[in-house]
Amino acid sequence: MDINFKDSMFRGIYNGKQYHVADISAVLSRAWSAGIDRIIVTGGSLEESKEALAIAESDARLFCTVGVHPTRCKEFDDSGDPEKHFQALVSLAKEGVEKGKVVAIGECGLDYDRLHFCPAEIQKKYFEKQFELAWAMKLPMFLHMRAAAGDFCDILEQNNPRFCSGVAHSFTGSAEDRERLLSFSNLFIGVNGCSLKTAENLDVVKGIPVERMMIETDSPYCEIKNTHAGISYVKSLWPSKKKEKYDPDSTVKGRNEPCLVRQVLEVVAGCKGIVDIDQLSKTIYHNTCRVFFPHDLDSAADALLSGDHDTV
């Protein structure tokens, strides 16, 4: 469902060193060939959200989010005028909605694994503030929750009247965390390679009802690795080469891509014991359209009847 196209890896830069040419067009070509209909480019700061909108405007099948990631929330205070910074987000979101490109507010939420980037109190303050943005825009939310289920769910509960719907993406929590999230009827749980690393992860994913699930890549991160518990369920493979031996017709080893969302689908089907993977795909696609593309849900549903589609 989502991708971080602003990441330098898609410009061929790894840890500050250039290994190959920028290759977003090749990555997109593989995605469309794999049957993906639409891609949501995520914003994690005001500047990143501007970049995400610019990227989304380059192709009719690309969309984006506007928001500030929990680890970047210091940017509100660092700007010197938090309210002015917030209003800049409002203006950008309005512009993107008018262009038909901004489909959610986010990525926002809480990340207590990386408090060295931003203290919990600042994260909580500006997570809550972004509900105001979502409500003003009448948009769903693209949410991030890492090692913070208690505070995350408390804030979501307090702001539920201003929360129309959304997804807690890249879910890696416990069975208890899963149940707390599922208690919000308008919240979906997003699964990617990071959600499928261990046998315990697979057990937790097993308990997410298909009707409340989305799948994603979160590329270039969160690929399914050979050491992951779910790898035995992966059937679809793409040729890959190391970044040092870059080939535009191959994926780059260690860099996730939108086309690989098919592997996430296969692992979810495998761990849940679902044989009809096409029906699983259709249900998850419908979930995604219901939240992010409600205006064309009927046409999307019609499209499902004529073939298989995935949204990353």
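All values derive from a computational prediction rather than experimental measurement.

**Quick look at the state of the cysteines**
Right, on to step 1. The tally for this structure, following the rule as stated, stands at 1 disulfide.
Right, on to step 2. The thiol sulfur of cysteine 153 is not disulfide-bonded, and the nearest other cysteine sulfur, from cysteine 108, lies at 14 Å.
Right, on to step 3. By relative accessible area, cysteine 153 is classed as buried at 0%.
Right, on to step 4. Distance from the sulfur of cysteine 289, which forms no disulfide, to the nearest cysteine sulfur (cysteine 164) is 15 Å.
Right, on to step 5. The class of cysteine 289 is buried, set by a relative accessible area of 0%.

**Examining the UniProt feature "binding site: a divalent metal cation 1" (unreviewed entry) in the protein chain**
Right, on to step 1. Listed under "binding site: a divalent metal cation 1" (unreviewed entry) in the UniProt record, and renumbered for this structure, are Glu107 and Asp218. In summary, the annotated positions, though distributed over 112 residues, converge in three dimensions, the widest C-alpha pair being only 11.4 Å. Restricting the annotated residues to those that line the largest pocket leaves Glu107 and Asp218.
Right, on to step 2. Relative to the helices and strands, glutamate 107 is located in strand β6 (residues 102–111).
Right, on to step 3. Take glutamate 107: its relative accessible area is 6%, and that puts it in the buried class.
Right, on to step 4. With near-sequence residues (within four places) excluded, glutamate 107 lies in contact with Gly43, Thr65, Gly67, Val68, His69, Pro70, Phe142, His144 and His169.

**Some points on the UniProt feature "binding site: a divalent metal cation 2" (unreviewed entry) in the protein chain**
Right, on to step 1. Cross-referencing UniProt, the feature "binding site: a divalent metal cation 2" (unreviewed entry) maps to His144 and His169 in the present numbering. These annotated residues cover 26 residues of sequence, and their C-alpha atoms lie no more than 5.9 Å from one another, placing them together at a single site. Checking the annotated residues one by one, the ones that line the largest pocket turn out to be His144 and His169.
Right, on to step 2. Relative to the assigned elements, histidine 144 resides in strand β7 (residues 141–146).
Right, on to step 3. Setting aside anything within four residues of it in sequence, one finds histidine 144 in contact with His69, Pro70, Glu107, Cys108, Gly109, Leu110, Asp111, Arg114, Phe152 and His169.
Right, on to step 4. Examined against the element boundaries, histidine 169 turns out to sit in strand β8 (residues 166–169).
Right, on to step 5. A polar atom in the side chain of histidine 169 sits 2.7 Å from the side chain of glutamate 107.

**Details of the side chain of serine 170**
Right, on to step 1. Looking at the element boundaries, serine 170 is found in the loop between β8 and α7 (175–182).
Right, on to step 2. Look past the residues within four positions of serine 170 in its chain and what remains in contact with it is Arg146, Gly190, Asn192, Cys194, Ser195, Glu216, Asp218 and Cys222.

**A closer look at the confidence of the model for the protein chain**
The predicted coordinates ought not to be read in detail in places where the model reports low pLDDT.
Right, on to step 1. Looking at the protein chain as a whole, the pLDDT averages 93, with 94% of positions reaching at least 70.
Right, on to step 2. Mean pLDDT across the secondary structure elements of the protein chain bottoms out at strand β13 (residues 310–311), with 52, and peaks at strand β9 (residues 187–191), with 98.

**Section: the side chain of aspartate 111**
Right, on to step 1. Here aspartate 111 shows up in strand β6.
Right, on to step 2. Among the polar contacts made by the side chain of aspartate 111, one reaches the main-chain amide nitrogen of aspartate 113 at a distance of 3.0 Å.
Right, on to step 3. For aspartate 111, the contacting residues outside a window of four places in its chain are His69, Pro70, Thr71, Gln123, His144 and Arg146.

**A word on the packing of aromatic side chains**
Describing an aromatic ring pair means giving the distance of the ring centres and the angle of the ring planes.
Right, on to step 1. Under the definition given, this model contains 6 aromatic pairs.
Right, on to step 2. The interplanar angle of 5° and the centroid separation of 4.2 Å between the aromatic rings of phenylalanine 76 and tyrosine 126 together place this pair among those described as stacked. With a gap of 50 residues between them, phenylalanine 76 in helix α3 (residues 74–78) and tyrosine 126 in helix α5 (residues 120–137) connect regions that are remote in the sequence. The pair phenylalanine 76 / tyrosine 126 is uniform in exposure class, with both members buried.
Right, on to step 3. In this structure, lysine 101 packs its charged tip against the face of phenylalanine 63, placed 4.9 Å from the ring centre.
Right, on to step 4. Over the face of the ring belonging to tyrosine 19 we find lysine 243, whose NZ or CZ atom lies 5.0 Å from the ring centre.

Each value, and the rule that gives it
- Residues numbered from 1 in each chain as written.
- Predicted model: local features only at pLDDT ≥ 70, side-chain atom pairs only at ≥ 80, totals over all residues.
- Heavy atoms only, no water.
- Disulfide = S-S within 2.5 Å.
- Buried < 20%, exposed > 50% of the residue type's maximum accessible area, 1.4 Å probe, protein only.
- UniProt positions renumbered as here; feature names shortened; annotations may be inferred.
- 1 Å grid on protein atoms, 1.4 Å probe; cavity = no way out; pocket = protein on both sides within 12 Å on 5 of 7 lines; lining within 4 Å.
- Helix = DSSP H or I, 4+ residues; strand = E, 2+ residues; numbered from the N terminus.
- Contact = heavy atoms within 4.5 Å.
- Polar contact = N/O pair within 3.5 Å; in protein donor to acceptor, adjacent residues only side chain to side chain.
- pLDDT = per-residue confidence, 0-100.
- Phe/Tyr/Trp six-rings, centres within 6.5 Å; stacked < 30°, edge-to-face > 60°.
- Lys NZ or Arg CZ within 6 Å of the ring centre and 35° of its normal.

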